[in-house]
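The residues making up each chain are set out below.
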Protein chains: 2
Amino acid sequence: MSTASAARREIPEATVARLPVYLRALRALSARGVDVVSSEELAEAAGVRSAGLRKDLSHLGSYGVRGVGYDVARLSDEISRELGLHHDWSVAIIGMGNLGHALAAYSGFATRGFQVRWLIDEDPAIVGTEIAGLKVITFADLEKHEPDSIIAVIATPPEAAQTAADQAIALGVRSILNFAPGVLAVPPGVEVRKVDLATELQILAFHEQRGKYEQRGELEPGGKYEQEVVR
Amino acid sequence: MSTASAARREIPEATVARLPVYLRALRALSARGVDVVSSEELAEAAGVRSAGLRKDLSHLGSYGVRGVGYDVARLSDEISRELGLHHDWSVAIIGMGNLGHALAAYSGFATRGFQVRWLIDEDPAIVGTEIAGLKVITFADLEKHEPDSIIAVIATPPEAAQTAADQAIALGVRSILNFAPGVLAVPPGVEVRKVDLATELQILAFHEQRGKYEQRGELEPGGKYEQEVVR
DNA sequence: CGATGTGAACAAATTCACAGCA
DNA sequence: TGCTGTGAATTTGTTCACATCG
């Protein structure tokens, strides 16, 4: 109740999940010199329907102009604020195997308000080495730095994921992006999102097996097709 | 009606997305020597509610025994069948940068019916080199092999993703897992799933900023907490 | 006029609660 | 008795269609 950015309108979870997509589309438009965009155009760029886009944006407030559209810069800013991208976020990557390595070097993080600041591993052979310009440290080392407001990215082998999560949480981490397969048990107040590669492939396999669209074969070889993004 | 696994009941998308999770939990139980499990226990292991689990499984048919539970081996098998994990799937990874590299070496793929068989890149400096025991080839080379029934994993830089998708689709690929940020335009009949790291972090940032659970501070330091997985 | 913003209709997913069966 | 399987109730999300306003 005390904080200024307090309980505003409740924003539906499904909407929150799409805001980053809109933000990216807006950035791309901005880069192309567009500064006003209609819901129709933005929806196209983001791969959603225009009515849905308008409803999503309506949860943030009224930032469009009727008969005109949305100001790209303004809308970007509002969405950024809503997502909490004003201050930069510190990211700690835990587990410096193949995936951790790649994530440490992945520029997609840095480009949008997320700075990878710590690389954690417990393997003595890896601790102390330098990856992508950062020294690999242990949890004990991390403790010395600000413990709060870090997002932890878990890229350990599956067996080590729960322990890694426990240690991160003990240091005050409340947001975890988990690349390790399996379910993490965390206390209330800690949010986990997971990225599970095998699961994604299995979902694709399911649809491919079922010929989801019944449209076996023939895919209109030449020609430009309408944008059609499946979920 | 001829094939046993014929066009059965429609399975809700949300259910499909959870089947791989159940499958993994079942495998873990099996490895621990458990061969019968209740919906309560399996739900716990999978991080869902038992009622939801039962409803999900009911879409596959009646494979449980009232008063007893589910046979672990049987249920694993049924879910595997449903997901199309009987025959192995071939995966082609496109774009051999950091991420492509890591994905090529990632054992999590191989362990579940997905065999990474081709690594694609167009950079002459990379083509021909060997990564994780596979030679990097071009799209032109790929064409010589079976074009159908491949799942393409796009790990290119964002600018190259659409072209990569177009080329893969031209070769007959109908399932794409896209790691590049941005929206892919694909014809009907092609399914795209995307994994967007920056988006995931932004969603976490949103919730952290809002102190989703209002439960600022105090996280019950010691003690074992109930399992509480947020989405 | 033309595009936004939104109530109302619809659809999908989740949760409840309990009948029914091993 | 104890669990599954499932209708019914509820919640959440999407689509429609149009009044509204710059």
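Everything quoted here is computed from the prediction, not taken from an experiment. (Residues numbered from 1 in each chain as written. Chains lettered and ligands numbered in written order. Predicted model: local features only at pLDDT ≥ 70, side-chain atom pairs only at ≥ 80, totals over all residues. Heavy atoms only, no water.)

The subject of this paragraph is the protein's contact with DNA strand D. Neighbouring residues of DNA strand D: 24 residues in total, closest A:R18, A:R66, B:S39, B:R54 and B:Y70. Looking at DNA strand D alone, sugar and phosphate atoms form 60% of those within 4 Å of the protein. A:A14 places a polar main-chain atom, nitrogen or oxygen, 3.4 Å from a phosphate oxygen of DNA strand D. Between DNA strand D and B:R66, the relevant distance is 3.1 Å, taken from a base oxygen to a side-chain nitrogen or oxygen of the residue. In terms of residue class, the surface near DNA strand D is built from 8 nonpolar, 7 polar and 9 charged. (Near = heavy atom within 4 Å. Polar contact = N/O pair within 3.5 Å; in protein donor to acceptor, adjacent residues only side chain to side chain. Nonpolar A, V, L, I, M, F, W, Y, C, P; charged D, E, K, R; others polar.)

This part is about the UniProt feature "DNA-binding region" (unreviewed entry) in chain A. Within this structure's numbering, the places UniProt gives as "DNA-binding region" (unreviewed entry) are residues 21–60 of chain A. Split by type, residues 21–60 of chain A is 70% helix and 5% strand. Its first and last C-alpha atoms lie 15 Å apart. (UniProt positions renumbered as here; feature names shortened; annotations may be inferred. Helix = DSSP H or I, 4+ residues; strand = E, 2+ residues; numbered from the N terminus.)

Right, let's get into the protein's contact with DNA strand C. The local shell around DNA strand C holds 24 residues, among which A:S39, A:R54, A:R66, A:Y70 and B:R18 are the closest. Across the atoms of DNA strand C situated within 4 Å of the protein, the share located in sugar and phosphate is 58%. At 2.4 Å, a backbone N or O of A:S39 approaches a phosphate oxygen of DNA strand C. A distance of 3.2 Å separates a sugar or linking oxygen of DNA strand C from a polar backbone atom of A:G67. Residue assignment for the surface near DNA strand C shows that the elements contributing at least two residues are α3 (50–58), β2 (64–65) and β3 (69–71) of chain A together with α1 (13–31) and α3 (50–58) of chain B. Here the surface near DNA strand C is built from residues that sort into 8 nonpolar, 7 polar and 9 charged.

Attention shifts here to the packing of α1(B) against helix α4 (residues 72–83) of chain B. Residue and element names in this part refer to chain B. Orientation of α1 relative to α4, taken along the N-to-C sense of each, is 150°, at an axis distance of 9 Å. With respect to their mutual orientation, α1 and α4 come out roughly antiparallel. The crossing of α1 and α4 is left-handed. For the pair α1 and α4, contact is made by L19, P20, Y22, L23, L26, R27 and S30 and by V72, L75, S76, I79, S80, E82 and L83, respectively. Looking at the contact of α1 with α4 residue by residue, the classes come out as 9 nonpolar, 3 polar and 2 charged. (Axes fitted to C-alpha atoms, helices over the stretch in contact; angles between N-to-C directions. Parallel < 35°, antiparallel > 145°, perpendicular 65-115°, else oblique. Left-handed = near helix turned anticlockwise from the far one by under 90°. Contact = heavy atoms within 4.5 Å.)

To continue, consider the packing of α1(B) against α3(B). All names here are of chain B. Where α1 meets α3, the closest approach of the two axes is 10 Å, and the angle between their N-to-C directions is 105°. Between α1 and α3, the interaxial angle falls into the category roughly perpendicular. Across the interface between the two elements, T15, R18 and Y22 from α1 touch L53, D56 and L57 from α3. Its residues assigned to classes, the contact of α1 with α3 shows 3 nonpolar, 1 polar and 2 charged.

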